[in-house]
Amino acid sequence: GLYNGLRLNEICQLNVEDIVVRDEVWCFNITRDVARGVNDKVLKTKSSERVVPIHPKLMKLGFMRYLQQFEKKPRSKLFPDIRAGTTGYRSDQFSKWFARFLKSIDADGDRTSFHSFRHNFRDALRQADVRHEIAMLLGGWSDRSNSRASQAFYGRGYSMSVVAEELGKVRYLEIY
């Protein structure tokens, strides 16, 4: 959520098949479509459907090593331990766990939740001066404020390598 701006449920419901290569860039394919995996995906809005490059920091932290364990189980969830809640959303259970985790480390607050990562991501996009159109695409946000919104329907858009380059500008201060 912090490095890619994905919504919690978008992350929790990812199938292994949703990790794709576009223009030689590894990406999350945020979609309702299911070719081989578990068919239980929902999206918040029409603009939520998108392809998002995997941030270089996640690659550095070992995301591809994690993905390798699914080579023999390509039809499973990317995070199979996260089960659907009573509402059918996989994010329900994780959201409750995350709230307990925040409380256990005394980091809970009125406006602190997993969704805070998305707000931080949007701020990081601004700080990195990521092109507005790409920032909106990365977060799956519609751009109602843009009076030239119809222009978004012209052309093929940015190549994934350009989108990945812009995403790579997103950085956070590391304190270890």
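Residues numbered from 1 in each chain as written. Predicted model: local features only at pLDDT ≥ 70, side-chain atom pairs only at ≥ 80, totals over all residues. Heavy atoms only, no water.

### Section: the overall build of the protein chain
Along its length, the protein chain carries 7 helices and 3 strands. Counting the 176 residues in the protein chain, one finds 40% classified as buried. The contacts in the protein chain between residues at least 6 apart in sequence include a share of 64% that link residues at least 24 apart. By element, 51% of the accessible surface of the protein chain is carried by carbon and sulfur atoms, the whole surface being about 11400 Å². (Helix = DSSP H or I, 4+ residues; strand = E, 2+ residues; numbered from the N terminus. Buried < 20%, exposed > 50% of the residue type's maximum accessible area, 1.4 Å probe, protein only. Contact = heavy atoms within 4.5 Å. Areas by Shrake-Rupley, 256 points an atom, 1.4 Å probe, with all protein chains shown as cover.)

### Concerning the pattern of salt bridges
Across all of its chains, the model carries 5 salt bridges by this definition. The salt bridge involving Arg 7 is made with Glu 10; its shortest N-O contact spans 2.8 Å. Here Arg 7 matches Glu 10 in class, with each residue buried. Put simply, Asp 123 and Arg 126 hold a salt bridge, and the shortest N to O gap is 3.0 Å. Note that Asp 123 and Arg 126 are positioned in helix 5 (residues 116–127) at a spacing of 3 residues, about one turn of the helix. One network of salt bridges, in which partners are shared, links Arg 7, Glu 10 and Arg 50. (Salt bridge = Lys/Arg side-chain N within 4 Å of Asp/Glu carboxyl O.)

### A look at the packing of helix 6 (residues 132–139) against helix 7 (residues 160–167)
Contact geometry of helix 6 with helix 7 gives a least axis separation of 10 Å together with a crossing angle of 90°. Looking at the two axes, helix 6 sits roughly perpendicular to helix 7. Facing Ile 134, Leu 137 and Leu 138 of helix 6, the residues of helix 7 in contact are Val 162, Val 163, Glu 166 and Leu 167. A per-class count over the contact of helix 6 with helix 7 returns 6 nonpolar, no polar and 1 charged. (Axes fitted to C-alpha atoms, helices over the stretch in contact; angles between N-to-C directions. Parallel < 35°, antiparallel > 145°, perpendicular 65-115°, else oblique. Nonpolar A, V, L, I, M, F, W, Y, C, P; charged D, E, K, R; others polar.)

### Looking at unusual backbone geometry
The phi dihedral of Glu 24 is positive, around 65°, even though this residue is not glycine. Looking at the element boundaries, Glu 24 is found in the loop between strand 1 (19–22) and strand 2 (25–30). When its relative accessible area of 80% is taken as the criterion, Glu 24 is described as exposed. Backbone geometry places Asp 106, a non-glycine residue, at a positive phi of 60°. Along the chain, Asp 106 turns up in the loop between helix 4 (91–104) and helix 5.

### Quick word on the nonpolar core
For soluble globular proteins, the rule of thumb is that nonpolar side chains tend to be buried together. Residues Ile 19, Phe 28, Leu 78, Leu 125 and Leu 138 are the most contacted members of the largest nonpolar core, which totals 36 residues. Those residues in contact with Phe 28 that lie beyond four places of it in its chain are Asn 4, Leu 6, Leu 14, Asp 18, Ile 19, Arg 50, Val 51, Val 52, Ile 54, Leu 58 and Phe 63. (Core = buried A, V, L, I, M, F, W, Y, C linked by side-chain atoms within 4.5 Å.)

### Some thoughts on the confidence of the model for the protein chain
Of the residues in the protein chain, 89% have a pLDDT of 70 or more, and the chain-wide mean is 85. Here helix 4 is the element of the protein chain with the lowest mean pLDDT, 88, and helix 7 is the one with the highest, 96. Throughout residues 147–151 the model reports pLDDT below 50, and contacts reaching past four residues in sequence, or to other chains, amount to 1 contact. (pLDDT = per-residue confidence, 0-100.)

### With respect to the side chain of Asp 92
Positionally, Asp 92 belongs in helix 4. Filtering out sequence-adjacent residues up to four positions away, Asp 92 remains in contact with Gly 85, Thr 86 and Thr 87.

### Examining the sheet that holds strand 1
Adjacent strands of a sheet form backbone hydrogen bonds with each other and so pair up, either parallel or antiparallel. Strands sit in the order 1-2-3 across an open sheet of 3 strands; the sheet is antiparallel. If you trace the sheet from one side to the other, it starts and ends with strand 1 and strand 3 (50–53), each paired once. The sheet shows a mean angle of 45° between the axes of neighbouring strands, direction not considered. Across 4 bridges, the pairing between strand 1 and strand 2 is antiparallel. From the neighbouring strand, Arg 22 faces strand 2, where its bridge partner is Val 25. Sitting on the sheet, helix 7 is in contact with strand 1, strand 2 and strand 3, with an inclination near 55° to strand 3. (Pairing = 2+ DSSP bridges.)

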